[in-house]
Amino acid sequence: MTPWRRLVTNVYPTRDGRWFHLHGGLDSNASLRMLGLPERKDVADEMEVIEKLEEAVVRFDAEWLDVEANEHWRQAGGICLTPEEYRDTPQGQAVAEEPLYIVEEFLSDALPPVPWPEVRTTTFRPLEGIKLVDLTRAIAGPTIARLAALFGATVVRVSNMELPDLGIVLFESNLGKRDAHLNLKTEEGRKALRGLIQDADVVLDGYRPGVLERLGFGPTYVHEIAKRRGKGIVYARENCYGWKGPWRHRSGWQQISDAVTGIAWLFGRMWGRDEPVMPFLPNSDFQTGIVGCIGVMNALDRRSKKGGNYLVSTSLNQLNSFLMGLGTQSPEIQQDLRERWPDMLKFRYYDDLHRQMRVLISSLPKVAPELFQVKNFRKMRADLGVPDEDMVFLGPAVTYDTTVLQYNSGSCMRGTHQPEWPENEQSA
């Protein structure tokens, strides 16, 4: 991606002295058109691009940009609020009492308890024999499914090769998964997805709120499939803003959640800046993935005891609200971090993840060499377009006395497999 299109996703000052996180999503065209800018411009120098984009953004007030981007152009974007400002918004108030994740039960005499699958393996992973349909893109949703695969689930990711995707992210997010191309706007695609859901235990929805409902695969219909077959299903969903409040319909990304909840302001101040600065890594994405996988396991365990259908709801904002509720580190620890990571003190509001990563990659081996020990990595055969190719990736963070956490396969490209469940995958 060129600097002109990539740096659309960044923080810029606004006319009224505030800060707005513009976002290009998977296609920057709409955000550029909103600002009256060309969709493509051949400018190699990143700071020159940043200056031109900033000149366009600073012509508008933050509130105008917020409503214009989200409600008219249907593009993600958010004002960089402090934690106090976010809590005072109608959205913050609507989800203030929401837990880290929500599990809703829909019990029925027609949906008896479903025992955990009996699978003979030597790895003893808790989700072995569980089938999960992965309808997600980007990071948080795919992480829920990837962790389920690590814990033994058979995962089929449904992708659409006619739509944009975060290609480089698939190297990690598709670990342990099969990937099938389906166009859900065609009857053929919808029929194939119904076939997958017919035998699934979990359906995972990570699209913009309402998209799968309009395509005919929201929780109401998926739960109806479960009733017709007499076996309950877990419908899990993940979004940015939460599932209540006036912003629940909005598209969102990790950067937007970090901006609107106050994380960016806390992070900027931590590094000595009186301005919002994006965290170095998509922390809220990956931790929401962990929380979502826990929620799925919780619902499956309830299904085994009570039967019924389940709806699991998670969001990036609820994860960030939970983290902020724990409080900030002490001044002593913050100062120690600044001394250990002096290169990070250079970062400004306009340094996006790509600019930060160049610095972080050079600093990590010096500051945290223990991360690069060979024992922390694993190697598996991948299906990424090169025959007989092995991939090396970071292994699981924990080990157990009996359970062996591992993936059933390496990563694969989009559309590598047919939309069907494999036979005898649980043979570890």
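See the structure above.
Residue positions are given per chain, counted from 1 along the sequence in the order it is written. Reporting in this predicted model follows two pLDDT cut-offs: at least 70 for local features of residues, and 80 or more for side-chain atom pairs to be given and counted; totals over whole chains, interfaces and linings ignore these cut-offs and use all residues. Side-chain figures throughout are based on the complete set of non-hydrogen atoms in the structure, without hydrogens or water.

Asker: So what's going on with the overall build of the chain? Which residues, and what values?
Answerer: Helix and strand labels come from DSSP, where a helix needs a run of H or I of at least four residues and a strand needs a run of E of at least two; each type is numbered from the N terminus. When you go through the chain residue by residue, the secondary structure sums to 17 helices and 12 strands. Our radius of gyration looks at C-alpha atoms and nothing else; its globule reference is 2.2 Å times the residue count to the power 0.38. Here the C-alpha radius of gyration of the chain, 22 Å, is about what a compact globule of 428 residues would show, namely 22 Å. For each residue, the accessible area found with a 1.4 Å probe, counting protein chains only, is set against the maximum for its type, and the residue is called buried under 20%, exposed over 50%, and partly exposed in between. When each of the 428 residues of the chain is scored for burial, the buried share is 51%. The contact criterion used is simple: two residues touch if any of their non-hydrogen atoms lie within 4.5 Å. If you take every contact in the chain between residues at least 6 apart in sequence, the share linking residues at least 24 apart comes to 73%. Summed over its atoms, the accessible surface of the chain is roughly 20,000 Å², and 53% of this surface lies on carbon and sulfur atoms. Only four residue types enter the tally: Lys and Arg on the positive side, Asp and Glu on the negative side; His and the chain ends are excluded. Taken as the charge centre is NZ of Lys, CZ of Arg, CG of Asp or CD of Glu, depending on the residue. Distance between charge centres in the chain, computed from 51 positive and 58 negative side chains, equals 3 Å. Each accessible area value is a Shrake-Rupley result obtained with a 1.4 Å probe; residue values ignore everything except the protein chains displayed when judging cover.

Asker: With reference to specific residues and values, describe the pattern of salt bridges.
Answerer: A pair is scored as a salt bridge if a Lys or Arg side-chain nitrogen falls within 4 Å of a carboxyl oxygen belonging to Asp or Glu. Applying the stated criterion across every chain yields a total of 30 salt bridges. Across the salt bridge formed by Arg18 and Glu63, the nearest N and O atoms sit 3.6 Å from each other. Of the two residues, Arg18 sits in the loop between strand 1 (10–13) and strand 2 (19–22) while Glu63 sits in helix 4 (residues 62–72), which places them 45 residues apart along the sequence. Given the relative accessible area of 45%, Glu63 is considered partly exposed. Of the charged contacts in the structure, one is a salt bridge between Glu84 and Arg87, with a shortest N-O distance of 3.8 Å. Placement of the pair is Glu84 and Arg87 together in helix 5 (residues 83–88), with a separation of 3 residues, close to one helical turn. Connected through salt bridges with shared partners, the residues Arg6, Glu46, Asp351, Asp352, Arg355 and Arg358 form a single ionic network.

Asker: Break down empty space enclosed by the protein for me, with residues and values.
Answerer: Computed over the protein atoms alone on a 1 Å grid, cavities are sets of points where a 1.4 Å probe fits but cannot get out and pockets are open sets with protein on both sides within 12 Å along at least five of seven lines; a residue lines them when it has an atom within 4 Å of a point. Grid points are joined across faces, edges and corners, and a volume is the space filled by probe spheres set on the points. Here the structure, examined in full by the defined rule, presents 2 cavities of 30 Å³ or more. Here the largest cavity defines a volume of roughly 50 Å³. What lines the largest cavity is Val95, Glu98, Pro99, Leu100, Tyr101, Ile102, Gly242, Trp243, Ser313, Thr314, Ser315 and Gln318. The element contributing the most residues to the lining of the largest cavity is strand 10 (residues 309–315), with 3 residues.

Asker: I'd like a rundown of the sheet that holds strand 3 (residues 77–79), residues and numbers included.
Answerer: In spatial order, the strands read 1-2-3; together these 3 strands make up an open sheet with antiparallel pairing. Edge positions in the sheet fall to strand 1 and strand 3, since each of these pairs with one other strand and no more. Each neighbouring strand pair of the sheet contributes to a mean axis angle of 20 degrees, computed without reference to strand direction. A pair of strands is treated as paired once DSSP finds two or more bridges between them. Taken together, the 4 bridges between strand 1 and strand 2 define a ladder with antiparallel strand orientation. Residue pairing for strand 2: Tyr12 is matched across the bridge by Phe20. Along the sheet, helix 4 contacts strand 2 and strand 3; its crossing angle with strand 3, the most-contacted strand, is approximately 155 degrees. With axes taken as lines fitted to C-alpha atoms, and helix axes fitted only over the stretch in contact, angles between N-to-C directions fall between 0 and 180 degrees.

Asker: Residue-level account of the side chain of Thr89, with values.
Answerer: Within the secondary structure, Thr89 sits in the loop between helix 5 and helix 6 (90–94). The class for Thr89 is buried, based on a relative accessible area of 12%. Whenever two N or O atoms come within 3.5 Å, that pair is a polar contact, provided that in protein one can donate a hydrogen and the other can accept it, and provided that, for residues adjacent in sequence, both atoms are side-chain atoms. In this structure the side chain of Thr89 is engaged in a polar contact, spanning 2.9 Å, whose partner is the backbone nitrogen of Gly92. Once you skip the residues sitting within four places of it in the chain, Thr89 turns out to touch Leu81 and Trp247.

Asker: Help me get a handle on unusual backbone geometry, residues and values and all.
Answerer: If you check the backbone angles, Arg74 has positive phi at about 60 degrees while not being a glycine. By the element assignment, Arg74 lies in the loop between helix 4 and strand 3. In this structure Arg74 comes out as partly exposed when scored by relative accessible area, which is 35%. With a phi close to 55 degrees, Phe124 is a non-glycine residue in the positive phi region. Of the residues examined, Phe124 reaches a relative accessible area of 49% and is grouped as partly exposed.

Asker: Which residues make up the packing of helix 14 (residues 283–306) against helix 15 (residues 316–325), and what are the values?
Answerer: Contact geometry for helix 14 and helix 15: axes closest at 9 Å, N-to-C directions at 100 degrees. Here helix 14 is positioned roughly perpendicular relative to helix 15, judged by the angle of their axes. Contacts from Asn283, Ser284, Asp285, Gln287, Thr288 and Val291 of helix 14 reach helix 15 at Leu316, Leu319, Asn320 and Leu323. In the contact of helix 14 with helix 15, the residues fall into 4 nonpolar, 5 polar and 1 charged. Angular relationships are summarised with four words: roughly parallel below 35 degrees, roughly antiparallel beyond 145, roughly perpendicular across 65 to 115, and oblique for the angles in between. Here the term charged refers only to Asp, Glu, Lys and Arg, the term nonpolar to Ala, Val, Leu, Ile, Met, Phe, Trp, Tyr, Cys and Pro, and the term polar to all other amino acids, Gly among them.

Asker: If you had to explain the environment of Phe372 to someone new, which residues and values would you point to?
Answerer: Along the chain, the position of Phe372 falls in the loop between helix 17 (353–367) and strand 11 (377–381). Among all residues touching Phe372, those that are not within four sequence positions of it are Leu364, Pro365 and Phe377.

Asker: Summarise the sheet that holds strand 7 (residues 177–181); cite the residues concerned and give the values.
Answerer: Spatially, 7 strands are ordered 4-10-9-8-5-6-7 in an open sheet, and the strand pairing comes out mixed. Each of the sheet's edge strands pairs with one partner strand only, and the pair in question is strand 4 (102–106) and strand 7. Taken pair by pair, the neighbouring strands of this sheet meet at an average axis angle of 20 degrees, ignoring direction. Bridging between strand 9 (residues 234–239) and strand 10 involves 6 bridges; their strand directions are parallel. By the bridge assignment, Glu238 is partnered in strand 10 with Thr314. In the packing of helix 7 (residues 140–150) onto the sheet, contacts are made with strand 5 (131–135), strand 6 (154–159), strand 7, strand 8 (202–205), strand 9 and strand 10, and the angle to strand 5 comes to roughly 160 degrees. On the sheet, helix 9 (residues 187–198) packs against strand 5, strand 6 and strand 8 and is oriented at approximately 145 degrees with respect to strand 5.

Asker: So, the nonpolar core: which residues are in play, and what are the values?
Answerer: Counting 33 residues, the largest nonpolar core has Tyr12, Leu22, Leu35, Leu37, Leu53 and Leu65 as the members making the most contacts within it. If you list the elements that add at least two residues to this core, you get strand 1, strand 2, helix 2 (29–34), helix 3 (46–57), helix 4 and helix 13 (263–270). With 5 residues, helix 3 is the largest single contributor of residues to this core. Beyond its immediate sequence surroundings of up to four residues, Leu37 is in contact with Trp4, Leu32, Leu53 and Ala56. Remark: nonpolar core denotes a set of buried residues (Ala, Val, Leu, Ile, Met, Phe, Trp, Tyr, Cys) joined through side-chain atoms within 4.5 Å. Residues Val103, Leu127, Leu300 and Tyr407 belong to the second largest nonpolar core, which totals 29 residues.

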